Amino acid sequence: VKVKKIVAAICIAVLPVFLSHAQAPFERDDIVIAAGVGIGGRLSVSGATVIPPLVAAVEYGVAERLFDSPTSIGIGGLGGYGRNKSEGGGYVLKTNSILLGVKGTVHYNFVKKLDTYISVNVGYNFTATREIGVPRDVKPSYRQGGMFGYFNLGARYYFFPYLALFCELGFDVGYFNLGVAFKL
C-alpha cells in the first residue's frame, strides 16, 4: 500500500513538469518497447514476494485513424516474471512464474498528448514450485501453469518524443503495472 502511494505521488509530482514535451499518441508503424514492475496480479501467489512481477512488452502500430477518429490499433508480445516464497508447517514453498503471450491493443486519443489504450492479451503462464523440508513421501517440486486471457486499461505519457511513463490497470502480470516505454 505504501508503494502505491509513493508511485502515485511521484507520478503526480513529475507529470506537470514535462507537459510541454509530450509526444503524439501511438500511430501506424510506431514500435514501442516497454518495461515495468507490477503490484499483485497473475504472477503473485500466496506468501511473500521475493521478486515483484516484472513486465516487458513490445507493440507495433498496424492501423490508424479508424472511422475518421484518433484511433489506432497495435499488436505485439508480452512477458512477465515473478517469484514468491511461503513458509510454514516446517517447510518452505518457492514459486517462480514466467508468463509469455501476445496482445492486441486499441488506442484512442482522448487528450492531445496522452496515449490511452485497452489491451486484450492471451498466452501461457509457466509456473514451477519447489518445496523444501517436506516429508520424503511428498514430491518436493512440480510444474504447473495454463493458458490465460485478460484485458487491461493503460496510458502512456511521453516526456520526450521517444520516452514515456506508462501505467496499466487490469488482470495483467500485475493488477497495477508502472514503468517506462521507448518509442523507436
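Please read all numbers here as calculations on a predicted model, not as lab measurements.

### Some points on the overall build of the chain
Phase 1 of the analysis: Scanning the chain from N- to C-terminus turns up 1 helix and 8 strands.
Phase 2 of the analysis: Seen in sequence order, the chain has helices and strands lined up from the N terminus as α-β-β-β-β-β-β-β-β.
Phase 3 of the analysis: Taken across its 184 residues, the chain has 38% of its residues classed as buried.
Phase 4 of the analysis: Taking the intrachain contacts of the chain between residues at least 6 apart in sequence as the baseline, contacts between residues at least 24 apart amount to 61%.
Phase 5 of the analysis: Total accessible area computed for the chain in this model is approximately 10,400 Å², and 67% of it derives from carbon and sulfur atoms.

### Description of the environment of Arg83
Phase 1 of the analysis: Turning to its location among the elements, Arg83 is positioned in strand E3 (residues 71-88).
Phase 2 of the analysis: Sequence separation between Arg83 and Thr95 is 12 residues, and the spatial gap between their C-alpha atoms is 5.6 Å.
Phase 3 of the analysis: Those residues in contact with Arg83, other than ones at most four positions away along the chain, are Ala48, Thr49, Val50, Ile51, Thr95 and Asn96.
Phase 4 of the analysis: Of note is the side chain of Arg83, whose polar atom sits 2.7 Å from the side chain of Asn96.

### Quick word on the pairing of strand E7 (residues 163-170)
Phase 1 of the analysis: Residues of E7 alternate between two faces, with Ala164, Phe166, Glu168 and Gly170 buried on one and Leu163, Leu165, Cys167 and Leu169 left unburied on the opposite face.
Phase 2 of the analysis: Where E7 hands over to strand E8 (residues 176-183), the hairpin turn is made up of 5 residues, counted between the paired strands.

### With respect to the side chain of Thr116
Phase 1 of the analysis: Tracing the backbone shows Thr116 in strand E5 (residues 114-132).
Phase 2 of the analysis: For Thr116, the side chain forms a polar contact with the main-chain oxygen of Tyr108, separated by 2.4 Å.
Phase 3 of the analysis: Excluding residues within four positions of it along the chain, Thr116 makes contact with Val106, His107, Tyr108, Phe110, Gly154 and Ala155.

### Some points on the pairing of E5
Phase 1 of the analysis: Pairing of strand E4 (residues 91-108) with E5 involves 17 bridges; the strand directions are antiparallel. Bridging from a neighbouring strand, Lys103 pairs with Asn121 of E5.
Phase 2 of the analysis: Taken together, E4 and the strand that follows it, E5, pair antiparallel across an intervening segment of 5 residues.

### A short note on the nonpolar core
Phase 1 of the analysis: Among the nonpolar cores identified, the biggest contains 15 residues, and Val32, Leu78, Leu99, Tyr150, Phe166, Val173 and Ala181 are the most heavily contacted of them.
Phase 2 of the analysis: For this core, the element with the highest residue contribution is strand E6 (residues 141-160), accounting for 3 residues.
Phase 3 of the analysis: For Ala181, the contacting residues outside a window of four places in its chain are Val32, Ile33, Ala34, Arg156, Tyr162, Leu163, Ala164 and Phe166.

### Topic: unusual backbone geometry
Phase 1 of the analysis: Not every positive phi belongs to a glycine, and Asp29 is a case in point at roughly 70°.
Phase 2 of the analysis: Positionally, Asp29 belongs in the loop between helix H1 (2-14) and strand E1 (31-39).
Phase 3 of the analysis: By relative accessible area, which is 47% here, Asp29 ends up partly exposed.
Phase 4 of the analysis: For Arg65, which is not a glycine, the phi torsion comes out positive at approximately 50°.
Phase 5 of the analysis: Tracing the backbone through its elements, the reader meets Arg65 in the loop between strand E2 (48-64) and E3.

### Some details on the pattern of salt bridges
Phase 1 of the analysis: For the structure shown, the criterion picks out 5 salt bridges.
Phase 2 of the analysis: The salt bridge involving Glu64 is made with Arg65; its shortest N-O contact spans 4.0 Å.
Phase 3 of the analysis: Given the relative accessible area of 55%, Arg65 is considered exposed.
Phase 4 of the analysis: The partner of Arg156 in a salt bridge is Asp115, and the shortest N-O contact between them spans 2.9 Å. Of this pair, Arg156 sits in strand E6 while Asp115 sits in strand E5, placing them 41 residues apart in sequence.
Phase 5 of the analysis: Assessed through its relative accessible area of 3%, Arg156 is described here as buried.

Cut-offs and rules
- Residues numbered from 1 in each chain as written.
- Predicted model: local features only at pLDDT ≥ 70, side-chain atom pairs only at ≥ 80, totals over all residues.
- Heavy atoms only, no water.
- Helix = DSSP H or I, 4+ residues; strand = E, 2+ residues; numbered from the N terminus.
- Buried < 20%, exposed > 50% of the residue type's maximum accessible area, 1.4 Å probe, protein only.
- Contact = heavy atoms within 4.5 Å.
- Areas by Shrake-Rupley, 256 points an atom, 1.4 Å probe, with all protein chains shown as cover.
- Polar contact = N/O pair within 3.5 Å; in protein donor to acceptor, adjacent residues only side chain to side chain.
- Pairing = 2+ DSSP bridges.
- Core = buried A, V, L, I, M, F, W, Y, C linked by side-chain atoms within 4.5 Å.
- Salt bridge = Lys/Arg side-chain N within 4 Å of Asp/Glu carboxyl O.

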